[in-house]
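Here is what each chain is made of, one letter per residue.
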Amino acid sequence: MKRKFLVLAGVAAVTLAFADPPANFSGWDKVFEDNFDGTSLDKKKWNPTYNWGPTHNHRAYCAEENVIVSDGTLKLKGEKKTHPDASGRTAKFNGKEIPVDYTSGAIDTKGHFEVKYGYIEGRFKAPSQKGTWPAFWTLQDGWPPEIDILEIPASRKQHHYYLHYTDPSWYSSHGSAWDHEASFGGHKDDDVDRSAGFHNYGVEWDETTLSFYFDDKKFASYSRPTEIKQLAAQYIIVNLAIGGWAGDDIDITVDKPAYFEADWVRVWQAKPAKPDTVRILNMNFGTCMVNNEGALALGDCAGDNAVATITPISSSTYRINFGDVVVEVPNEKTDAGVTMGLYNWNGGAHQKVVMEKQSGYEGSVVRMKMQHSNMYLRSTTDGERVVQSWADDWEWNQMWRLLSLGDEVPTKDTTVKDSSTTAIFVPHLNATVAPYSSRVYMKNGKWTVEFGNEFAGVRRFDLKGRGR
């Protein structure tokens with residue numbers, strides 16, 4: 001599985017199996033990896049069944065012999081048979097006793113590997129049979145909490161993802177309690193059959209946020225620091241449950257076992273970030289954040305008042321100093337459109353900035369989100385102020401490039417027509433085109449739309465939408 005390639009028109013070969021973690025501000029260190037090469041489970045990394053024993057909240061006895069490693073993948077085999085050691089055993093699901101009359105497989109890293117914060121990802125192929133419940137998840141001692149990265153109890157075109165935790169009002173006084181469990185998350189529905197091939201499932205976890213990924217694209221993110229702080233170091237579980245949440249209509253037969261396959265499991269942690277002295281360039285206007293006599297504004301990048309120090313508070317959260325004062329949301333406001341200010345550091349969430357590094361650009365390009373409001377910093381449309389706003393509001397003004405002091409400070413090229421303010425008539429289309437932060441021009445006899453500018457990095461398309 002690790003060496004399969006897709007050939008595109010005889011020009012380029014692109015591997016489909018390997019995936020990089022999402023871009024972050026400081027980079028990643030890989031801290032765990034199993035590609036399931038060889039002919040047996042690596043017991044230095046995994047236990048060959050649940051660490052607490054062979055049964056859980058479903059109808060399968062999880063036996064070591066049903067954990068198979070061959071041809072570069074892990075295969076958890078679900079069979080319609082009662083394991084010899086399961087005679088007379090029952091399990092519980094939703095408070096009801098259920099028989100243990102199937103045999104399956106499970107592995108976990110308890111006692112071998114645990115991680116607190118990072119990016120956890122695996123590549124899996126689900127079984128097609130009804131009544132199977134494949135899962136990729138994490139636990140710690142005691143329950144809750146639990147992170148569910150992948151659960152498929154029903155439709156193969158849907159998978160579930162959650163954080164289970166103790167209701168904070170109870171947790172603050174009593175600690176973890178299963179009978180005060182709550183959760184956030186949901187299910188991703190699409191037209192992708194998760195049993196027809198391998199797909200990547202991941203979660204990015206830091207002190208305040210859980211973000212869930214499918215095939216390396218983030219589809220859900222939750223900033224819930226109160227609940228997330230209940231998570232200690234987590235160990236990883238991969239299992240094929242039968243029955244339980246998946247119901248009792250089970251398609252596994254004696255001659256048709258089910259297989260939950262894993263191509264690989266990997267974990268990365270963010271590299272430690274160090275204080276960095278930078279200029280913060282707005283990529284739409286080509287101006288920088290500046291300390292304008294004690295007020296935050298946009299101005300000349302070359303001035304000493306454009307020099308900022310970014311200091312890490314956690315793996316993804318930072319404070320931004322201009323001299324002795326830091327960027328903040330005045331009066332801890334959570335409204336969109338509030339103008340950002342500068343004030344002495346007091347450690348509040350309204351002064352903490354989450355850096356989200358953006359892919360597809362050279363150098364350090366980020367979006368910056370205020371921790372307390374979950375709103376992003378953007379320039380105003382007049383290019384003079386910095387405000388907080390919704391994630392999808394004027395997104396092109398939310399892109400910031402972090403310039404090291406040794407980097408060349410760009411200047412705005414006023415000879416380039418910026419169609420964010422001027423509509424351009426395109427005779428070929430008999431239409432007026434006015435996309436923000438773009439221009440339309442004729443080159444080599446073809447009309448071309450150019451998205452971005454010299455600060456953001458340019459992406460060009462012809463008027464049929466083809467990349468150039």
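To start, this report covers the structure provided alongside it. (Residues numbered from 1 in each chain as written. Predicted model: local features only at pLDDT ≥ 70, side-chain atom pairs only at ≥ 80, totals over all residues. Heavy atoms only, no water.)

Turning to the sheet that holds strand β12 (residues 132–139), a few remarks are in order. Spatially, the six strands line up as an open sheet ordered β10-β19-β12-β13-β14-β15, and their pairing is antiparallel. Unpaired on one side and paired on the other, β10 (106–108) and β15 (181–189) mark the two borders of the sheet. Mean inter-strand twist for the sheet, computed between neighbouring axes without regard to direction, equals 15°. (Pairing = 2+ DSSP bridges. Helix = DSSP H or I, 4+ residues; strand = E, 2+ residues; numbered from the N terminus. Axes fitted to C-alpha atoms, helices over the stretch in contact; angles between N-to-C directions.)

What follows is about the layout of surface pockets. By volume, the largest pocket amounts to about 860 Å³. Lining of the largest pocket is provided by 27 residues; of these, H56, N57, F93, W143 and E146 occupy positions nearest its centre. Mapped onto the lining of the largest pocket, the elements with two or more residues apiece are β7 (90–93), β12, β13 (146–151), β14 (158–166) and β19 (235–242). The biggest single contributor to the lining of the largest pocket is β12, with four residues. Residues of the lining of the largest pocket, tallied by class, amount to eleven nonpolar, nine polar and seven charged. By volume, the second largest pocket is sized at about 560 Å³. (1 Å grid on protein atoms, 1.4 Å probe; cavity = no way out; pocket = protein on both sides within 12 Å on 5 of 7 lines; lining within 4 Å. Points joined across faces, edges and corners; volume = space filled by probe spheres on them. Nonpolar A, V, L, I, M, F, W, Y, C, P; charged D, E, K, R; others polar.)

For the bond from W143 to P144, the omega torsion is -10°, close enough to zero to count as cis. Relative to the elements of secondary structure, P144 occurs in the loop between β12 and β13. A cis amide bond links P144 with the next residue in sequence, P145, at an omega value of 20°. Its place among the elements puts P145 in the loop between β12 and β13. Although it is not a glycine, D71 sits at a positive phi angle of roughly 55°. Along the polypeptide, D71 turns up in the loop between β5 (67–70) and β6 (73–78). Even without a glycine there, the phi angle at E332 is positive, about 55°. Checked against the element boundaries, E332 lands in the loop between β26 (325–328) and β27 (341–344).

Turning next to the packing of aromatic side chains. All told, the structure shown has 20 aromatic pairs when counted by the stated rule. Between the aromatic rings of F124 and Y201, the centroid separation amounts to 6.3 Å while the plane-to-plane angle is 50°, which identifies the pairing as tilted. One end of the pair, F124, is in strand β11 (residues 118–125); the other, Y201, is in strand β16 (residues 199–205), with 77 residues separating them in the sequence. Comparing F124 with Y201, the two get one shared label, buried. On the numbers, 5.0 Å between centres and 45° between planes, the contact of Y161 with F212 is tilted. Taken as a pair, Y161 in strand β14 and F212 in strand β17 (residues 209–214) lie far apart in primary sequence, 51 residues in all. The class for F212 is buried, based on a relative accessible area of 0%. An aromatic cluster of at least three residues, connected via ring pairs, comprises Y161, Y165, F184, F212, F219 and Y222. (Phe/Tyr/Trp six-rings, centres within 6.5 Å; stacked < 30°, edge-to-face > 60°. Buried < 20%, exposed > 50% of the residue type's maximum accessible area, 1.4 Å probe, protein only.)

Turning to its location among the elements, S195 is positioned in the loop between β15 and β16. The spacing of S195 and F124 is 71 residues in sequence and 8.8 Å in space, taken between C-alpha atoms. Every residue in contact with S195, bar those within four places of it in the chain, is listed here: K125, A126, P127, S128 and R156. (Contact = heavy atoms within 4.5 Å.)

Turning our attention to the pairing of strand β32 (residues 400–404). For β32, a buried count of four out of five residues is recorded, marking the element as mostly surrounded by other parts of the structure. Two strands pair when backbone bridges link them, and strand β21 (residues 276–282) and β32 are joined in this way by five bridges, in the antiparallel orientation. Of the residues in β32, the one forming a bridge with L281 is R401. Of the strand pairs in this sheet, strand β29 (residues 364–370) and β32 are connected by three bridges, and their pairing is antiparallel. Directly across from S364, in β32, lies its bridge partner L402.

Let us now look at the state of the cysteines. Considering all chains together, one arrives at one disulfide under this definition. A sulfur-sulfur distance of 2.1 Å marks the disulfide that ties C288 to C301. In this structure, the disulfide formed by C288 and C301 twists by about 95° around the S-S bond and is classed as right-handed. Of the two residues, C288 is situated in strand β22 (residues 287–292) and C301 in the loop between β23 (295–299) and β24 (308–312); the sequence distance between them amounts to 13 residues. The exposure class assigned to C288 is buried, which follows from its relative accessible area of 0%. Judged by relative accessible area, which is 3%, C301 ranks as buried. (Disulfide = S-S within 2.5 Å.)

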